[in-house]
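# What the coordinates show
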Amino acid sequence: MTEMVVEASMALALGAKLCRPKVIPMYPITPQTHIVERLADFINNGEMEAEMIHVESEHSALAAFIGSEAAGVRTYTATSSQGLALMYEILPIVSGNRMPGVMSVANRALSAPINIWNDHSDAVSARDQGWIQLFVESTQEAIDTTIQLYKICENHEVLLPGMVCIDGFTLSHVCERAIVPEQEAVDEFLPEYKPKIMLDPEKPVSIGPIAFPDSFMEFKKQQQEAMEKALPLIGKVHDEFAKKFGRSYGNGLLEQYRMDDAEYALIGMGTLTGTARVAVDEMRKEGKKVGLIKLKSLRPFPKEELIKATEKLQGLAVIDRHFSLGFEGPLYTDTRSALYGKGIRIKNFIAGLGGRDIDIKRLKKALNDTINGKEGGWLL
Amino acid sequence: MKFNLGAVIHEPGSTKKNKTGGWRAMRPVLDKEKCIKCGTCWVYCPDNAVKKNEKGEFEIDYDYCKGCGICANECPVKAIKMELEKK
């Protein structure tokens, strides 16, 4: 293993390289570009054997992703914001075709007004399209999750695509200490991809046909069943990784911080949870029994794990880095639905849209407002 | 019905199993007395749903006829009538 101080984008590229994808269709977009630039360097320098396809748009990138998956090889791509939005048409085709590739999403706000900074509106808007979505907090977690996600997605009981979501700039452009695992160890953990669905002249098949009203629902139900199988597998693969590499992130689905005797807690995704740990520490010093739940897996949503993690709580402050215009924060909707009837006071706070800072002060306000029975709101 | 993973089709020609005649609202009915066996309906049918039998007569394959009515429109002796499909 190599320990280094590395930009998260570079770390993700190293993580992707370790997974040995054979095809990388790519189209650059801020703040994702550094990831595929580094991968292009690796291929150019002969450090990595992969075909990089320079396509003319993100829509084409994901279309080429399908072609590569249909050829039966491990595939990787990365995007952000409008890039993911342009891929939208293809997102449910990848998942409906049951193609288990991995994409990194450097989360960025959606225009307009144009904004290149971080929030979760790109990935969260795409959450219903059949991709496993894991949000990470650190550079190290980004590497480790990429390796784990291929193993989860490629499991023949699952066969779904997955996104590793990293906060744009807030994580993608930050340099942190990280351990890059040895290739040999990753090869042992993640063996060569064995496709279940692929185009093979020896055994011809048709991929992507029409399904009439008499069969379409059954195929959608199969995808949901695969998501249900993915849920425990995310935990299992996480534990297996932890055993082999010595690093863990809660139970792989969510992580709890100072929750043992907590009466109130924050829940959020991505880098804001790093700041939230400090906010929790400060409030603990003030004598307040508070904790943090870092939600890692947005889809599949770990409902039972969340119920268990919150069973002793009186109140929960949900920090959404996205807003469903016309209603409320989507993480709030999911959290409240999962905890329906549990008697916990749940409040919604909208924060960090378009790169607005989520600082300790704002997170403490969210917790204090929840403790004091005030309503949630926008942490401007 | 079998639901292959990812809706993948493993056998060639399986589209034949999809009896698109079920979509039909109007049913072409051929009057063999009037028919002059010119084959115009056979030429024009966009779904190859007009078949020629051993006797040289034309017949409509209701498994695949979608009831578009082109045959009735093109028939030079008006031997095909479109009737409301009743099931």
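Computed from a prediction, not measured in an experiment: that's the story for all the values here. (Residues numbered from 1 in each chain as written. Chains lettered and ligands numbered in written order. Predicted model: local features only at pLDDT ≥ 70, side-chain atom pairs only at ≥ 80, totals over all residues. Heavy atoms only, no water.)

## Remarks on the overall build of chain A
Keep this limit in mind: Elements are defined by DSSP. Helices are runs of H or I of four residues or more, strands are runs of E of two residues or more, and each kind is numbered from the N terminus. We compute the radius of gyration from the C-alpha atoms alone; for a globule the expected value is 2.2 Å times N to the 0.38, where N is the number of residues. Residues count as neighbours in contact if any of their non-hydrogen atoms are within 4.5 Å of one another. Under the convention used here, a 1.4 Å probe and the Shrake-Rupley method define accessible areas, while residue burial counts only the protein chains that appear. When charges are counted, Lys and Arg are positive and Asp and Glu negative, with His and the chain ends excluded. Every charge is mapped to an atom, namely NZ of Lys, CZ of Arg, CG of Asp or CD of Glu.
Secondary structure summary: chain A contains 13 helices and 15 strands in total. Its C-alpha radius of gyration of 20 Å places chain A within 12% of the 21 Å reference for a compact globule of 380 residues. The C-alpha extent of chain A, read off along each of the three principal axes, is 65 × 55 × 45 Å. Across chain A, every contact between residues at least 6 apart in sequence was considered, and the portion connecting residues at least 24 apart equals 79%. By element, 52% of the accessible surface of chain A is carried by carbon and sulfur atoms, the whole surface being about 15700 Å². Taking the 43 positively charged and 51 negatively charged side chains of chain A as two groups, their mean positions are separated by 6 Å.

## Observations concerning the interface of chain A and chain B
The test is simple: The term buried area denotes the loss of accessible surface (1.4 Å probe radius) that occurs when two parts are joined, taken as the sum for both partners. We define a salt bridge as a contact between a side-chain nitrogen of Lys or Arg and a carboxyl oxygen of Asp or Glu at a distance within 4 Å. Under the rule applied, a polar contact is a pair of N or O atoms within 3.5 Å (in protein, one hydrogen donor and one hydrogen acceptor; residues adjacent in sequence only if both atoms are side-chain atoms).
Each partner contributes residues to the interface: chain A has 17 residues there, and chain B has eleven residues. Summing both sides of the interface, chain A and chain B together bury roughly 1200 Å²; the carbon and sulfur share of this comes to 71%. Considering only the side of chain A, the residues that lose the most area to chain B are Pro209(A), Phe212(A) and Phe219(A), jointly responsible for 33% of the buried surface there. Here chain A is connected to chain B by zero salt bridges. Applying the counting rule to chain A against chain B returns two residue pairs in polar contact (both at pLDDT 80 or more). Of all the elements, helix H9 (residues 216-245) of chain A adds the most residues to the side of chain A that touches chain B, at three residues.

## Side note on the nonpolar core
Residues and elements named next belong to chain A. Using the following cut-off: Buried Ala, Val, Leu, Ile, Met, Phe, Trp, Tyr and Cys residues that are joined via side-chain atoms within 4.5 Å together make up what is termed a nonpolar core. A 1.4 Å probe rolled over the protein chains alone gives each residue an accessible area, and that area as a share of the maximum for its type sets the label: buried under 20%, exposed over 50%, partly exposed in between.
One finds Leu39, Tyr76, Ile132, Ile147, Leu149 and Ile166 to be the most contacted residues of the largest nonpolar core, which totals 52 residues. If one sorts the elements of this core by residue count, H9 sits on top with nine residues. Ignoring anything within four residues of it in the chain, the contact list for Ile147 reads Gly15, Leu18, Cys19, Pro181, Val186, Phe189, Leu190 and Phe241. Core analysis: the second largest hydrophobic core is formed by 44 residues, Met259, Leu295, Ile307 and Leu316 among them.

## Here's the deal with helix H1 (residues 8-18) of chain A
All names here are of chain A. Burial of H1 is extensive: nine of the eleven residues sit out of reach of the surface. The complete set of buried residues in H1 reads Ala8, Ser9, Ala11, Leu12, Ala13, Leu14, Gly15, Ala16 and Leu18. Positioned one or two residues after H1, Arg20 has a phi angle of 55°, which is positive.

## Side note on the sheet that holds strand E7 (residues 162-167) of chain A
Within a beta sheet, neighbouring strands are joined by backbone hydrogen bonds and run either parallel or antiparallel to one another. Residues and elements named next belong to chain A. So the rule is basically this: DSSP-based pairing: two strands are paired if at least 2 bridges between them are found. Axis lines are fitted through C-alpha atoms, for helices just across the contact stretch, and the angle between N-to-C directions can take any value from 0 to 180 degrees.
One open sheet holds the five strands; their spatial order is E4-E5-E7-E6-E12, and the pairing between them is mixed. A single partner strand is all that each edge strand has here, and the edge strands are strand E4 (76-79) and strand E12 (297-299). Geometrically, the sheet is characterised by an average inter-axis angle of 20° between neighbouring strands, direction not taken into account. Here strand E6 (residues 132-135) pairs with E7 via four bridges, running parallel. For Gln133, the partnering residue across the bridge sits in E7 and is Met163.

## Concerning the pattern of salt bridges
All names here are of chain A. According to the stated counting rule, one finds 37 salt bridges over all chains in the structure shown. With a closest N to O distance of 2.7 Å, Glu154 and Arg74 form a salt bridge. Highlighted residues: Glu154 in helix H7 (residues 139-154) and Arg74 in the loop between helix H3 (58-70) and E4, separated in sequence by 80 residues. An identical accessibility class is assigned to Glu154 and Arg74; each is buried. The salt bridge partner of Asp128 is Arg127, with a shortest N-O separation of 3.0 Å. We classify Asp128 as exposed; its relative accessible area is 52%. Shared partners join several salt bridges into a network, and the residues in it are Glu137, Glu141, Glu255, Arg277, Lys294 and Lys296.

## Describing the packing of H7(A) against H9(A)
Residue and element names in this part refer to chain A. To keep it simple, the criterion reads: Angle categories: roughly parallel below 35 degrees, roughly antiparallel above 145, roughly perpendicular from 65 to 115, and oblique for all the rest. Each crossing gets its handedness from the near helix: less than a right angle anticlockwise from the far helix is left-handed, clockwise is right-handed. Gly counts as polar in this scheme, as do all residues outside two lists: the nonpolar Ala, Val, Leu, Ile, Met, Phe, Trp, Tyr, Cys and Pro, and the charged Asp, Glu, Lys and Arg.
Viewed as axis vectors pointing N to C, H7 and H9 meet at an angle of 130°, and their least axial separation amounts to 10 Å. In this view, H7 runs oblique relative to H9, as classed from their interaxial angle. Between H7 and H9 the crossing geometry is right-handed. Within the contact between the two elements, H7 uses Asp144, Ile147, Gln148, Lys151 and Ile152 and H9 uses Leu233, Ile234, Val237, His238, Glu240 and Phe241. Within the contact of H7 with H9, the residues separate by chemical class into six nonpolar, two polar and three charged.

## Considerations on the domain arrangement of chain A
Residues and elements named next belong to chain A. Just so we agree on the cut-off: For each domain, the first and last residues come from an automatic or database assignment.
Domain parsing of chain A yields domain 1 (2-245) and domain 2 (255-378). Distance between the C-alpha centres of domain 1 and domain 2: 27 Å. At the interface, 27 residues of domain 1 touch 25 residues of domain 2. Broken down residue by residue, the surface that domain 1 buries against domain 2 is led by Arg127, Phe135 and Glu137, which jointly contribute 29%. The interface formed by domain 1 and domain 2 holds five salt bridges in total. Residue Glu137 pairs with Arg277 through a salt bridge whose shortest N-O separation is 2.8 Å.

## A few points about the packing of H1(A) against helix H2 (residues 33-44) of chain A
Packed helices, taken two at a time, are described by their axes: the angle between them and the distance between them. Residues and elements named next belong to chain A. Where H1 meets H2, the closest approach of the two axes is 8 Å, and the angle between their N-to-C directions is 50°. Considered as vectors, H1 and H2 are oriented oblique to each other. Regarding H1 and H2, the two cross each other, and that crossing is right-handed. Counting all contacts with H1, which are made through Ser9, Met10, Leu12, Ala13, Leu14, Ala16 and Lys17, the residues of H2 involved are His34, Ile35, Arg38, Leu39 and Phe42.

## With respect to a nonpolar patch on the surface
For the record, the criterion: Each patch is built from residues that are more than 30% exposed by relative accessible area and take part in no salt bridge. Like charges join if they lie within 9 Å; nonpolar side chains (Val, Leu, Ile, Met, Phe, Trp, Tyr) join within 5 Å.
Taken together, the side chains of Trp42(B), Val43(B), Tyr44(B) and Ile70(B) present a nonpolar region at the surface, about 410 Å² in accessible area. Top element by residues in the nonpolar patch is helix H1 (residues 40-44) of chain B. It accounts for three residues.

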